[in-house]
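Architecture and fold: a report
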There are 4 protein chains.
Amino acid sequence: MSDIKAALRRQHIETPSWAYANSGTRFKVFAQEGVPRDPYEKLADAAQVHAFTGVAPTVALHIPWDKVDDYADLARHATDLGVRIGAINSNVFQDDDYRLGSVTNPDPAVRRKALDHLLECVDIMDQTGSDTLKLWFSDGTNYPGQDDIRSRQDRLAEALSAVYDRLGDDQRFLLEYKLFEPAFYVTDVPDWGTAYAHCVRLGPKAQVVVDTGHHAPGTNIEFIVAFLLREGKLGGFDFNSRFYADDDLMVGAADPFQLFRIMYEVIRGGGYTSDVAFMLDQCHNLEPKIPGQIRSVMNVQEATAKALLVDADALAAAQAEGDVLGANAVLMDAYNTDVRPILAVLREEMGLDPDPMKAYARSGYFEKIRTERVGGTQAGWGA
Amino acid sequence: MSDIKAALRRQHIETPSWAYANSGTRFKVFAQEGVPRDPYEKLADAAQVHAFTGVAPTVALHIPWDKVDDYADLARHATDLGVRIGAINSNVFQDDDYRLGSVTNPDPAVRRKALDHLLECVDIMDQTGSDTLKLWFSDGTNYPGQDDIRSRQDRLAEALSAVYDRLGDDQRFLLEYKLFEPAFYVTDVPDWGTAYAHCVRLGPKAQVVVDTGHHAPGTNIEFIVAFLLREGKLGGFDFNSRFYADDDLMVGAADPFQLFRIMYEVIRGGGYTSDVAFMLDQCHNLEPKIPGQIRSVMNVQEATAKALLVDADALAAAQAEGDVLGANAVLMDAYNTDVRPILAVLREEMGLDPDPMKAYARSGYFEKIRTERVGGTQAGWGA
Amino acid sequence: MSDIKAALRRQHIETPSWAYANSGTRFKVFAQEGVPRDPYEKLADAAQVHAFTGVAPTVALHIPWDKVDDYADLARHATDLGVRIGAINSNVFQDDDYRLGSVTNPDPAVRRKALDHLLECVDIMDQTGSDTLKLWFSDGTNYPGQDDIRSRQDRLAEALSAVYDRLGDDQRFLLEYKLFEPAFYVTDVPDWGTAYAHCVRLGPKAQVVVDTGHHAPGTNIEFIVAFLLREGKLGGFDFNSRFYADDDLMVGAADPFQLFRIMYEVIRGGGYTSDVAFMLDQCHNLEPKIPGQIRSVMNVQEATAKALLVDADALAAAQAEGDVLGANAVLMDAYNTDVRPILAVLREEMGLDPDPMKAYARSGYFEKIRTERVGGTQAGWGA
Amino acid sequence: MSDIKAALRRQHIETPSWAYANSGTRFKVFAQEGVPRDPYEKLADAAQVHAFTGVAPTVALHIPWDKVDDYADLARHATDLGVRIGAINSNVFQDDDYRLGSVTNPDPAVRRKALDHLLECVDIMDQTGSDTLKLWFSDGTNYPGQDDIRSRQDRLAEALSAVYDRLGDDQRFLLEYKLFEPAFYVTDVPDWGTAYAHCVRLGPKAQVVVDTGHHAPGTNIEFIVAFLLREGKLGGFDFNSRFYADDDLMVGAADPFQLFRIMYEVIRGGGYTSDVAFMLDQCHNLEPKIPGQIRSVMNVQEATAKALLVDADALAAAQAEGDVLGANAVLMDAYNTDVRPILAVLREEMGLDPDPMKAYARSGYFEKIRTERVGGTQAGWGA
């Protein structure tokens, strides 16, 4: 049990700056009170999540949403708040020029613009000390024939190669895949196989990131996790959950058993290290942002605790014997355990309140930001 | 063949005012040149679609997007342009009050507000002469436990009943269902069964509308069409197409064979009459709006022409004999026929250009609106 | 807690005779040792499941798989073993005559044959004292055009009506729906809406049965449960679980959270009574049959215990306040509780071993049947 | 047009020996009259398909279903009938030993047995002159925890490597992937990415085969085709069609537009050569076998003809201009063309009847086999 607590104590879950901003669906973005108006305020909110959970010390940025004049100053601000800058997320999907794609656009001028943005993101990595660039391309087409599938792969490969070459020795990029949305016919990086093939060609500084909401119905995500770990190509996770498409709900909310299975494969495959980035990527459309992040962090912690509880020896023995029910039972025993008491003890040992949700509610932080953050423009997708 | 042309000549496809406005995904709305700035300009664009196709004489409105001071004036404007006002579409999803639902909201004050809007839509029907109210509710929940599934059905039933009672003798409402989005866990009207059950309880003025993009993967839509027609409960269609979720692509673009099968069931089931409304409900995110609508109307025409070509006697004979391949071949013979020549002839007989796309392109209308419609605020979702 | 234990004590889960027989996929049926060779041996195995769990007192039969000369004798045999005959399941899918359908076949002679079988099943209900007939139709088509969708509905309605009229005062039938398989284009009862509409027309003795594996991807099953309970049309469940299609895995194995949500809606909707039949319908292709059933019964018990633990008052309060995270947390608190200790205590109070799996393994029953049941033909799908 | 006819004339579609045998679902295999009783009779039937279509000169074998004492004799028999032996399909899924897997089984003795079978298939290649081995593994697990995902990959890699090393200079293997079935939780080769990664490690004689029915809902198959062609790793197709899962319907029956898009990418990507194997892999459960194959071959021909009709220059021009509707229209113009007349002319030029279906029906072959093939055991899955 002390081993498990030690493993949980060193857990590191990164929260994204955009989770603190307003978000929504194509139908409506519901505004919330107290939402940050700039990257500095986002970091302040993220620092709250770390303050109450103790395992969320870094914050991912999104460029240009988090564009500032002085990134070194922003990084210092983070440090002052007790957190650090995490992954830099590029954004080549919110400019009118990108209507037909960014790095895969048929127009070379648009491709150049997109690539320049990606290279700028590496500059920002240098300035903030971030070692990870996350690349998600919304690129694709809506109609058969609209553009040439293969040519777009050629353009993609060219852009990835240029970014790869720009990376410093201690930097890497994570290539994200997604089945669909916003492209509705072809998505240029639709599945892990596509991301994997590009990363293999490029080399060790290119890895795949698994967003748990980006798969076709019925996809076995933990299989992908196990496979990528075996190949040394799992760079990290964008955690969230979904019932239908890319719903971006709180991780663990839709299928906690799946999250447990994923974390089990992470641990079994040697991925529970700092080499794999565990990031949240969610939209709190209806629920309040900071508590939504705290709950999400706790959900990952609980799934991890259960995965750590799996009796590896008993499991291996049952598997070797071909004992289908017995092997399944070993896994389920861990899953069915209520790990909340273990985590409460761990938090107390870390000097934290055992109940982060209640502690945050009592802290008065929300009342503070609700009254202070009046006027200005709330941050949101695209702002 | 003359029967088929006669049937095609009387076809009636309704275009939606919002198809002429800017639209997009949650990631980005790409603005286009020449987009209308008010309902009057939307009607003008819709009139172009009718002018070049001859089968799109009505235009659906969306309230409050198409709110005007004087609906009678708007209706006259339509008539002047050669079109008419079609269905009135209610909108109870774009106000901050509707964060947790409209007519199913746990808060009775919000429910009242939503119901008042629906009743106002009936007022607008009276003023515009529209006989059809389309009800789509985005209502639902994102998380298990968020609200009580059954209580929400009670609230829904109450609202529907109030609207039903308000309808005039020659008015009806069409209840729309949708699997998910924007709600991500429960949607209060998620499938045809739910819409059907509510409509059966209410009576003949309540019918189901089938949006072709609103189903779970693998759903056989033509079965639903056949079933609802058998029950006398098919009120109409919201046509569009999709590869993944509710992509809102041009109807017939993703799966033209499916559209043909749907139109075949419409005809076979006696639904090719004015009792069933054939409406488009699409988003032209990337492609230009007016040509997108023209192409969509043409796609429905082509599918209809093919469906009309099915040799009903040969099909019935093969089916009765249990001749699986023979019966399938009868259907496929019609589908594989190139019906574009028939439609070209029909258009010439109707005094139209045989190629609506080229004729529109030549007309200079786009150049006109691109230069005239500068300044002001372009219409879009939520405007 | 005593209320919860009382509710769990009166739980009634029916196991199916065919779960004890060999089963498989279209690719292979793997034979197991000790598998029953006739309905009497199946009942003996089912009695073991009840002996060790205390909540599985009835056994569903499948006709003709469980055809015997003297059903009264079979029923007595059941009683001697401490169990009873439950639902009678009709089978109109395993005769060469049913290639193009049973009650919806284009050939009236085949329809008559199928109907006769259904009526014979009611005779067997009379003879065994069963009050429930379960109707599942594999009927459908593989190719567009193969047969007429609507005519098949007419034929289905006619057959259902004839069966309905034959039911005694205390008998009912449950109509099962299924998305696909073995039909691959149209299935004649593909969804709950179809089953519901037929049942509503017929009257109170016709109800819908929900097989948890028979839905399109993304379908919210607990919504259907809540809706059918509200309409008084939920007749029962065929429990199993799946990751992809109709995998027929052990209930609760693929998504235990979903099973919990379903049981929560059952309880919330007043369905936790003898009016709703809780039946297992699974295939133990790889794992041993009797332990597979015991584990499945336990999985349902655990989901039920968690659902009973939901703090209804706290949930209602949070829902009324629109507290999204708070309401979700009330549900998750119950789900995250480890209920195995409660169930162990309950079993001891019922005079049972607290660990049914180990107790069965120790009992020597399997060794007994493995050696005794040599020779003869093992029962299986179609036998 | 003469270019197109020339391309169509050299088309080569391989039919599978098992398509002529009885097949079905797990619920029922419906027997048909005249079905072959041995591999020699299967080849005779396949020769009919070639005789009437002129483009199906090879026949895939399935071992052990097509096991004979003298493969050289079988190959001569084929030649006598005017056809040749095509790909050898291994079968490691129909022996009781394979309950928990074949090459990925936890038991090394079972793995050895499976590997020996694969190596025997290469022997048969040597004896029949076949240059292609098709590897499909049903291997996987049904329950979480049942076996170790990663260890199974290690075992798979080991077996593939052993087979690869055994291949002759002019031989290759094609690795097939499948989302699920018969395994219901993990499938060891579930997607193209997995097959691709293994093939890349092994070298040029290992390629991926795309079965059009083996994907998750919403998967863009033509993207995979384009991608694999770009990587030089597309080895061939198993053609069939489906509405839901792996329905194994006639290719082109469920979504002819998809088949057209696939053939377009084949041609555009340089895959319309003898390096890519175009094989059918279907089950004619309801329809007669030989006409089912003839229709399927014709469906592939029609899709190919349409794909060849695409105006590549016009398409490239529209794509370069970002003309979404224009580019889509170029593709649709080809798809909407009725190519049956072209194919009829081609057949006459090839000395064939322009209507293969009617010509076969008139030929009297079916009446012949129906009367001659009485007695003996019909071939089927597993026989």
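Throughout this document, residue positions are counted from 1 along each chain, in the order its sequence is written. Ligands are numbered from 1 and chains lettered from A, in the order in which they are written. pLDDT decides what is reported in this predicted model: residues at 70 or higher carry local features, side-chain atom pairs at 80 or more are listed and counted, and totals for whole chains, interfaces and linings draw on all residues regardless. Note: side-chain values were computed over all heavy atoms of the structure, leaving out hydrogens and water.

1. Quick notes on the interface of chain D and chain A
- Residue contacts are counted whenever heavy atoms from the two residues lie within 4.5 Å of one another. Taken together, the contact pairs 54 residues of chain D with 54 residues of chain A.
- For the pairing of chain D and chain A, the buried interface totals around 4,500 Å² over both sides, and the portion due to carbon and sulfur atoms is 57%.
- Buried surface area refers to the total accessible area, computed with a probe of radius 1.4 Å, that the two partners give up upon joining, counted for both partners together. Broken down residue by residue, the surface that chain D buries against chain A is led by R150(D), F223(D) and R230(D), which jointly contribute 16%.
- Each reported salt bridge corresponds to a side-chain nitrogen of Lys or Arg within 4 Å of a carboxyl oxygen of Asp or Glu. Here chain D is connected to chain A by six salt bridges.
- A salt bridge links D148(A) to R268(D); the shortest N-O distance between them is 2.6 Å.
- Numbering of helices and strands runs from the N terminus, with a helix taken as a DSSP run of H or I at least four residues long and a strand as a DSSP run of E at least two residues long. Secondary structure elements with two or more residues in the side of chain D that touches chain A: α5 (149-166), β7 (186-187), α6 (192-202), α7 (221-230), α8 (256-268), α10 (312-321) and α11 (324-336) of chain D.
- Of all the elements, α6(D) adds the most residues to the side of chain D that touches chain A, at seven residues.

2. A few points about the interface of chain C and chain A
- The interface is formed by 32 residues belonging to chain C together with 32 residues belonging to chain A.
- Here chain C meets chain A over a buried area of about 2,200 Å², counting both sides, of which 58% is carbon and sulfur.
- When the area that chain C buries against chain A is broken down by residue, the three leading residues are L325(C), N336(C) and R340(C), summing to 26%.
- Where chain C packs against chain A, one counts two salt bridges.

3. Focus: the environment of L156(D)
All names here are of chain D.
- By the element assignment, L156 lies in helix α5.
- Classification of L156 by relative accessible area gives buried; the value is 1%.
- As for L156 and N105, which are separated by 51 residues in sequence, their C-alpha atoms are 9.2 Å apart.
- Those residues in contact with L156 that lie beyond four places of it in its chain are V103, T104, F137, D188, V189 and H198. When accessible area is computed with a 1.4 Å probe and restricted to protein chains, residues below 20% of their type maximum are described as buried, those above 50% as exposed, and intermediate ones as partly exposed.

4. Examining helix α7 (residues 221-230) of chain C
All names here are of chain C.
- Most of α7 sits out of view: nine of its 10 residues are buried.
- Capping the start of α7 is the job of one residue whose side-chain oxygen sits 3.2 Å from the backbone nitrogen of E222: N220.
- Phi for G232, located one or two positions after α7, is positive at around 70°. Pairs of N or O atoms within 3.5 Å make up the polar contacts considered here, provided that, within protein, one atom can donate a hydrogen while the other can accept it, and that residues adjacent in sequence are counted only when both atoms are side-chain atoms.

5. Focus on the side chain of T304(D)
- Structurally, T304(D) can be placed in helix α9 (residues 289-309).
- When neighbours within four sequence positions are excluded, T304(D) is seen to be in contact with L8(D), Q11(D), M263(D), I267(D) and Y272(D).

6. Details of the relation of the copies chain D and chain A
- Least squares is the method used to superpose the copies, on C-alpha atoms of residues holding a pLDDT of at least 70 in both. Once turned by 180° and shifted 0.0 Å along the axis, chain D lies on chain A with an RMSD of 0.0 Å. Classification of the inter-copy transformation places it as that of a two-fold axis. The position closest to the rotation axis in chain D is occupied by the C-alpha of G193(D), lying 2.0 Å away.
- Comparing interface residues between copies, 100% of those in chain D also lie at the interface in chain A; the contact surface is shared.

7. Focus: the pattern of salt bridges
- Counted under the stated rule, the structure contains 133 salt bridges over all chains.
- One salt bridge in this structure joins R230(C) and D154(B), with 2.6 Å as the shortest N-O distance. Separated into two different chains, R230(C) in helix α7 and D154(B) in helix α5 (residues 149-166) make up a pair that spans both.
- Among the residues examined, R230(C) registers a relative accessible area of 21% and is labelled partly exposed.
- Note on D154(B): relative accessible area 36%, which makes it partly exposed.

8. Some remarks on the packing of aromatic side chains
- Only centres within 6.5 Å qualify two rings of Phe, Tyr or Trp (six-membered ring in Trp) as a pair; their planes then separate them into stacked at under 30 degrees, edge-to-face at over 60, and tilted for everything else. With the rule as written, the count across this model stands at 84 aromatic pairs over all chains.
- Note on F239(B) and F278(B): the rings are 6.3 Å apart at their centroids and 20° apart in plane angle, and the pair reads as stacked. Of this pair, F239(B) sits in strand β9 (residues 234-239) while F278(B) sits in strand β10 (residues 277-280), and the two are 39 residues apart along the sequence.
- With centroids separated by 5.0 Å and ring planes inclined at 45°, the aromatic side chains of F243(C) and Y185(D) adopt a geometry described as tilted. Of this pair, F243(C) sits in the loop between β9 (234-239) and α8 (256-268) while Y185(D) sits in the loop between β6 (172-176) and β7, which puts the two residues in different chains. Across this residue pair, the class does not change: F243(C) and Y185(D) are buried.
- Three or more aromatic residues joined by ring pairs make a cluster, and in this case those are F180(A), F184(A), Y185(A), F243(B) and Y244(B).
- The positively charged end of K205(A) is found above the aromatic ring belonging to Y164(A), 5.7 Å away from the centroid. Look at NZ for Lys and CZ for Arg. If either is within 6 Å of the ring centre and within 35 degrees of the ring normal, a charge sits over the ring.

9. Let's talk about the packing of helix α9 (residues 289-309) of chain B against α11(D)
- The contact between α9(B) and α11(D) brings their axes to 12 Å, and the two run at 10°. With respect to each other, α9(B) and α11(D) are oriented roughly parallel. Both α9(B) and α11(D) take part in a crossing whose hand is left-handed. From α9(B), P291(B), G292(B), R295(B), E302(B) and K306(B) reach across to α11(D), where they touch L325(D), A329(D) and N336(D).
- Class assignment of the residues belonging to the contact of α9(B) with α11(D) gives a composition of three nonpolar, two polar and three charged. Lines fitted to C-alpha atoms define the axes, with helix axes restricted to the stretch in contact, and inter-axis angles between N-to-C directions lie between 0 and 180 degrees. Here roughly perpendicular refers to angles of 65 to 115 degrees, roughly parallel to angles under 35, roughly antiparallel to angles over 145, and oblique to all remaining angles. Here a crossing is called left-handed whenever its near helix is offset anticlockwise from the far helix by less than a right angle, and right-handed whenever the offset is clockwise. Put simply, Ala, Val, Leu, Ile, Met, Phe, Trp, Tyr, Cys and Pro go in the nonpolar bin, Asp, Glu, Lys and Arg in the charged bin, and everything else, Gly too, in the polar bin.

10. A word on the UniProt feature "domain: Xylose isomerase-like TIM barrel" (unreviewed entry) in chain A
- UniProt positions are given in the numbering used here, feature names are shortened, and annotations may be inferred rather than shown by experiment. In the numbering used here, UniProt assigns the feature "domain: Xylose isomerase-like TIM barrel" (unreviewed entry) to residues 47-241 of chain A.
- Structurally, residues 47-241 of chain A comprises 40% helix and 19% strand, and the distance from its first C-alpha atom to its last is 23 Å.

11. Details of the pairing of strand β3 (residues 84-90) of chain C
Residues and elements named next belong to chain C.
- A large share of β3 lies buried, amounting to six of its seven residues.
- Strand pairing follows a simple DSSP-based rule, namely that at least 2 bridges must link the two strands. Inspection of the sheet shows strand β2 (residues 58-63) paired to β3 by five bridges, in the parallel sense. Bridge assignment links H62 to a residue of β3, and that residue is N89.
- Since β2 and β3 lie parallel, the crossover through helix α3 (residues 71-81) that links them has a hand, and here it is right-handed.
- Judged from the two bridges that link them, β3 and strand β4 (residues 132-135) form a sheet pairing that is parallel. Counted as the bridge partner of I88 is L133 from β4.
- Note on handedness: a clockwise path from strand one over the helix to strand two, with the strands aimed away from the viewer, defines a right-handed crossover. Between the parallel pair β3 and β4, the chain is carried across by helix α4 (residues 108-128), and the sense of this crossover is right-handed.

12. Describing the relation of the copies chain C and chain A
- Note on the copies: chain C fits chain A at an RMSD of 0.0 Å, the axial shift is 0.0 Å, and the rotation between them is 180°.
- When the interface residues of chain C are mapped onto chain A, 100% of them again lie at the interface, so the same face is used by both copies.

13. Some remarks on the sheet that holds β2(C)
Residues and elements named next belong to chain C.
- Pairing is parallel in the closed barrel, where eight strands are placed in the order β1-β2-β3-β4-β6-β8-β9-β10. Across the sheet, the axes of successive neighbouring strands diverge by a mean angle of 30°, strand direction being ignored.
- Of the strand pairs in this sheet, strand β1 (residues 13-16) and strand β10 (residues 277-280) are connected by two bridges, and their pairing is parallel. Within β10, the residue paired with I13 across the bridge is F278.
- Sheet strands in contact with α3 are β2 and β3, and its direction is about 135° off that of β3.

14. Let's talk about the sheet that holds strand β2 (residues 58-63) of chain D
Residue and element names in this part refer to chain D.
- Read around the closed barrel, eight strands run β1-β2-β3-β4-β6-β8-β9-β10, paired in parallel fashion. Neighbour-to-neighbour, the strand axes of the sheet open up by a mean angle of 30°, direction not taken into account.
- Strands in contact with α5 are β4 (132-135), β6 and β8 (206-211); relative to β6, the strand with the most contacts, it is inclined by about 155°.

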